[in-house]
Amino acid sequence: MRRRKRKTQSFAPMAFRLVLFLFLAGCTARALPLETKLNTPEHHVRNGMRLLAMGRYADALREFELTKEFDSTFSKAYVGSGLAWGYRGDSQKGLKDLQRAEELAISNEEKIFVNVGFVRLYLIDRETTSKRGLQQAESAYKNAVAIKPNAPEAHYYMAEAYLAAGQWEKARKLFQKVLAIGTAYIGEAHDALQS
């Protein structure tokens, strides 16, 4: 009786098929479309804050208003629009938006963002807020650091407020605190201490 030889397949073609299958399966992963990732409230607020920093206040305001259309309860959008209104010369409207943001803020991150927004609005419009405004900025600063003692943005903007009010020693201490934290606003704090 003659035995038939069984044909054995080489391992290489099977391995190739397996690798090809895994590669193709990986290519079809359910990634969010780019449009979905970019068309979120968080994305529009980030863009708006960048536009504020560049001095493009009308464009920034457009981003914040668009965010409110997506999610009318997103507190950071109201902080951004409050700052944009302040830069555009309407601090009263800016204050109303910040107060609305304060009502909507739920997470600690949002509450810190709102309180830093109040400090920043004081910086934008020191002429009309005067001494009382500095006290309100200090109160907002204390609220922010009560939530997170090492919040560099709170220390940095309050230092700027003290600097604008001529309280150099208080400003210097807060700028040094920003440097000690070492996570954000380091360059700005360093420059402020050098000048």
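Before reading on, note that the structure itself is shown above.
Keep in mind the model is a prediction, meaning the values are calculated, not measured.

Would you mind going over the overall build of the protein with me for this structure?
Scanning the protein from N- to C-terminus turns up 11 helices and zero strands. Scanning the protein from its N terminus toward the C terminus, one meets helices and strands in the order α-α-α-α-α-α-α-α-α-α-α. Here the contacts in the protein between residues at least 6 apart in sequence split such that 50% fall between residues at least 24 apart. Accessible surface for the protein amounts to roughly 12,800 Å². Of this, 54% is attributable to carbon and sulfur atoms.

Would you mind showing me how to read the pattern of salt bridges here?
Two side chains of opposite charge can pair, provided their charged atoms sit close to one another. Taken as a whole and assessed by the stated rule, the structure comprises nine salt bridges. Here R100 ties to E103 by a salt bridge, and the two come within 3.1 Å at their closest N and O atoms. Separated by three residues within a single helix, R100 and E103 lie in helix α6 (residues 91-104), roughly one turn from each other. A relative accessible area of 33% means that R100 is categorised as partly exposed. Between R172 and E169 there is a salt bridge whose closest N-O contact spans 2.2 Å. Separated by three residues within a single helix, R172 and E169 lie in helix α10 (residues 168-181), roughly one turn from each other. The exposure class assigned to E169 is partly exposed, which follows from its relative accessible area of 42%. Three or more residues are tied together by salt bridges with common partners; here these are R56, D59, R62 and E63.

Got a minute to help me understand the packing of α10 against helix α11 (residues 186-194) in this structure?
Angle between the axes and distance between the axes are the two parameters that describe a pair of packed helices. Closest axis-to-axis distance for the α10/α11 pair is 9 Å, and the angle between their directions is 145°. Our pair here, α10 against α11, has a crossing hand that is left-handed. Along its contact with α10, which presents R172, F175, Q176, V178 and L179, the element α11 presents I186, A189, H190, A192 and L193. Of the residues that constitute the contact of α10 with α11, the class distribution is seven nonpolar, two polar and one charged.

Would you mind showing me how to read α10 here?
Owing to its 3.6 residues per turn, the α-helix brings residues three or four apart onto one side. The first and last C-alpha atoms of α10 sit 20 Å apart over 14 residues, in line with the 20 Å expected at 1.5 Å per residue. Looking at α10, one finds that the buried residues are A171, L174, F175, V178 and I181. Here the buried residues of α10 occupy an arc of 120° about the axis, which is enough to place them on one side. The exposed set on the far side of α10, more than 90 degrees from its buried face, consists of K173 and A180.

What counts as what
- Residues numbered from 1 in each chain as written.
- Predicted model: local features only at pLDDT ≥ 70, side-chain atom pairs only at ≥ 80, totals over all residues.
- Heavy atoms only, no water.
- Helix = DSSP H or I, 4+ residues; strand = E, 2+ residues; numbered from the N terminus.
- Contact = heavy atoms within 4.5 Å.
- Areas by Shrake-Rupley, 256 points an atom, 1.4 Å probe, with all protein chains shown as cover.
- Salt bridge = Lys/Arg side-chain N within 4 Å of Asp/Glu carboxyl O.
- Buried < 20%, exposed > 50% of the residue type's maximum accessible area, 1.4 Å probe, protein only.
- Axes fitted to C-alpha atoms, helices over the stretch in contact; angles between N-to-C directions.
- Left-handed = near helix turned anticlockwise from the far one by under 90°.
- Nonpolar A, V, L, I, M, F, W, Y, C, P; charged D, E, K, R; others polar.
- Expected span 1.5 Å × (residues − 1).
- Arc of directions from axis to C-beta.

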